[in-house]
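# Results of the structural survey
Residue strings, one per chain:
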Amino acid sequence: MSQQPEAKAWINYIYKLAEAAPTLDSHIACEKGVGYLEANYPSFFTYPAATQSFGHHHTVCGLAQHTAEVIQIGLQTRAVLNLQHVIPYDEYFLAALYHDAGKVKAYTQLPDGKWVKTQDSRWFHHIHLGVKIFEEMVAHEKLSYPTGAVQHAIMAHHGCREWGSPVSPATPSAQLLHQSDLMSARMSDIVRGVDPLDYKNYKAGEKS
Ligand SMILES: [Fe+2]
Ligand SMILES: [Fe+2]
């Protein structure tokens with residue numbers, strides 16, 4: 001994909017959200033999180049968020065747009081519900097930033113332009129792949145950061161086993177991430193006229 005100006009706009013937008021972190025330490029952690037993806041996984045900022053046309057944010061830069069929405073929805077909700085004391089800014093920001101980062105390894109584009117899932121997707125799921133990329137970032141950037149809460153939130157972001165998460169949200173930041181992810185995805189569906197309960201029909205090719 002070659003829409004670099006649009007990708008650059010999303011990178012700058014997400015950097016702005018990192019800059020809004022309330023303390024120097026959290027600001028540094030958030031910025032390193034964005035910088036690691038920009039330097040090592042530039043496709044994060046150009047890939048779609050879904051392989052199939054009926055999936056949410058199936059557009060150029062859809063993964064970056066969805067990620068920015070999840071960060072913003074969560075941070076706004078955190079402020080409205082006065083959750084600052086139970087959800088550290090950087091804990092939520094990094095979990096939201098990396099929640100679907102595994103899709104850079106789970107998706108690939110064929111020469112004919114079609115997007116498909118990789119063997120890594122079938123073997124490990126984008127959730128596990130995302131946790132690994134987050135761990136990679138923490139080690140590479142030498143962040144002295146308590147990573148368990150972020151890892152848990154990434155693991156739990158689909159909400160339950162039936163929807164692909166091995167664990168359900170057990171912390172405020174994990175629940176906020178799950179709800180924000182769902183909000184971004186389902187609003188994208190309904191605006192486009194896609195009924196999420198009707199996915200199996202789309203998969204059968206009846207409406208795609
Ligand atoms: Fe996901
Ligand atoms: Fe997501």
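First, a word on scope: everything that follows refers to the structure included in this document. (Residues numbered from 1 in each chain as written. Chains lettered and ligands numbered in written order. Predicted model: local features only at pLDDT ≥ 70, side-chain atom pairs only at ≥ 80, totals over all residues.)

## Description of the overall build of the protein
A tally of regular secondary structure across the protein gives nine helices and two strands. Start at the N end of the protein and walk to the C end: the helices and strands fall as α-α-α-α-α-β-β-α-α-α-α. Seen through its C-alpha atoms, the protein measures out along the principal axes to roughly 50 × 35 × 30 Å. Counting every position in the protein, which comprises 208 residues, the buried fraction comes to 40%. Once local pairs closer than 6 in sequence are excluded, the contacts in the protein between residues at least 24 apart make up 59%. (Helix = DSSP H or I, 4+ residues; strand = E, 2+ residues; numbered from the N terminus. Buried ≥ 20, exposed ≤ 12 C-beta atoms within 10 Å, placed from the backbone. Contact = placed C-beta atoms within 7 Å.)

## Looking at the packing of helix 6 (residues 119-140) against helix 7 (residues 148-155)
When two helices pack together, their arrangement is given by the angle between their axes and by how far apart the axes lie. Relative orientation of the contacting elements helix 6 and helix 7 amounts to 160°, with a least axis distance of 9 Å. Considering the angle they form, helix 6 stands roughly antiparallel to helix 7. Seen from above, helix 6 lies across helix 7 with right-handed handedness. Contact with helix 6, carried on its side by Ile 127, Gly 130, Val 131 and Phe 134, involves Val 150, Gln 151, Ile 154 and Met 155 of helix 7 and no other residues of that element. Tallied by class, the residues present in the contact of helix 6 with helix 7 amount to six nonpolar, two polar and no charged. (Axes fitted to C-alpha atoms, helices over the stretch in contact; angles between N-to-C directions. Parallel < 35°, antiparallel > 145°, perpendicular 65-115°, else oblique. Left-handed = near helix turned anticlockwise from the far one by under 90°. Nonpolar A, V, L, I, M, F, W, Y, C, P; charged D, E, K, R; others polar.)

## Comments concerning the nonpolar core
Formed by 51 residues in total, the largest nonpolar core has its most connected members in Tyr 92, Phe 93, Ala 95, Phe 134 and Ile 154. Those elements that provide at least two residues to this core are helix 1 (4-19), helix 2 (24-40), helix 3 (62-80), helix 4 (89-98), helix 5 (103-106), helix 6, helix 7 and helix 8 (172-191). It is helix 4 that provides the largest number of residues to this core, a total of eight residues. In this structure Ile 154 touches Ala 95, Tyr 98, His 99, Ile 127, Gly 130, Val 131 and Phe 134, once residues within four positions along its chain are discounted. (Core = buried A, V, L, I, M, F, W, Y, C linked by C-beta atoms within 7 Å.)

## Regarding helix 7
Every α-helix carries 3.6 residues per turn, so stepping three or four residues along brings you back to the same face. Burial within helix 7 is extensive, with seven of its eight residues counted as buried. Of the residues making up helix 7, those classed as buried are Ala 149, Val 150, Gln 151, His 152, Ala 153, Ile 154 and Met 155. For helix 7, the elements touching its buried residues are helix 4, helix 6 and helix 8.

## Comments concerning helix 6
Compared with an ideal rise of 1.5 Å per residue, which puts 22 residues at 32 Å, helix 6 spans 26 Å between its outermost C-alpha atoms and falls more than 12% short. Remark: the principal bend of helix 6, roughly 85°, maps to His 125. Every buried residue of helix 6 is accounted for by His 126, Ile 127, Leu 129, Gly 130, Val 131, Ile 133, Phe 134, Met 137 and Val 138. Contacts made by the buried residues of helix 6 are with helix 2, helix 4, helix 5 and helix 7. Taken from the residues just after helix 6, Lys 142 is the one with a positive phi, measuring 55°. (Expected span 1.5 Å × (residues − 1). Bend = angle between axes of the 7 residues up to and from the residue.)

## A word on the environment of Arg 78
Mapping Arg 78 onto the fold places it in helix 3. A tally of 20 C-beta atoms within 10 Å means that Arg 78 is categorised as buried. Taking C-alpha positions, Arg 78 is 8.9 Å from Tyr 89, a pair spaced 11 residues apart along the chain.

## A word on the environment of Gln 109
For Gln 109, the location among the structural elements is in strand 1 (residues 107-109). According to the C-beta neighbour criterion, Gln 109 is partly exposed, with 15 such atoms within 10 Å. In this structure the C-alpha to C-alpha distance between Gln 109 and Thr 51, which are 58 residues apart in sequence, comes to 8.7 Å.

## Quick word on unusual backbone geometry
One non-glycine residue, His 125, lies in the positive phi region at around 70°. Tracing the backbone through its elements, the reader meets His 125 in helix 6. Assessed through the 18 C-beta atoms surrounding it within 10 Å, His 125 is described here as partly exposed. Of note in this structure, Lys 142 is not a glycine but carries a positive phi near 55°. Structurally, the position occupied by Lys 142 is in the loop between helix 6 and helix 7. Given 8 C-beta atoms within a 10 Å radius, Lys 142 is considered exposed.

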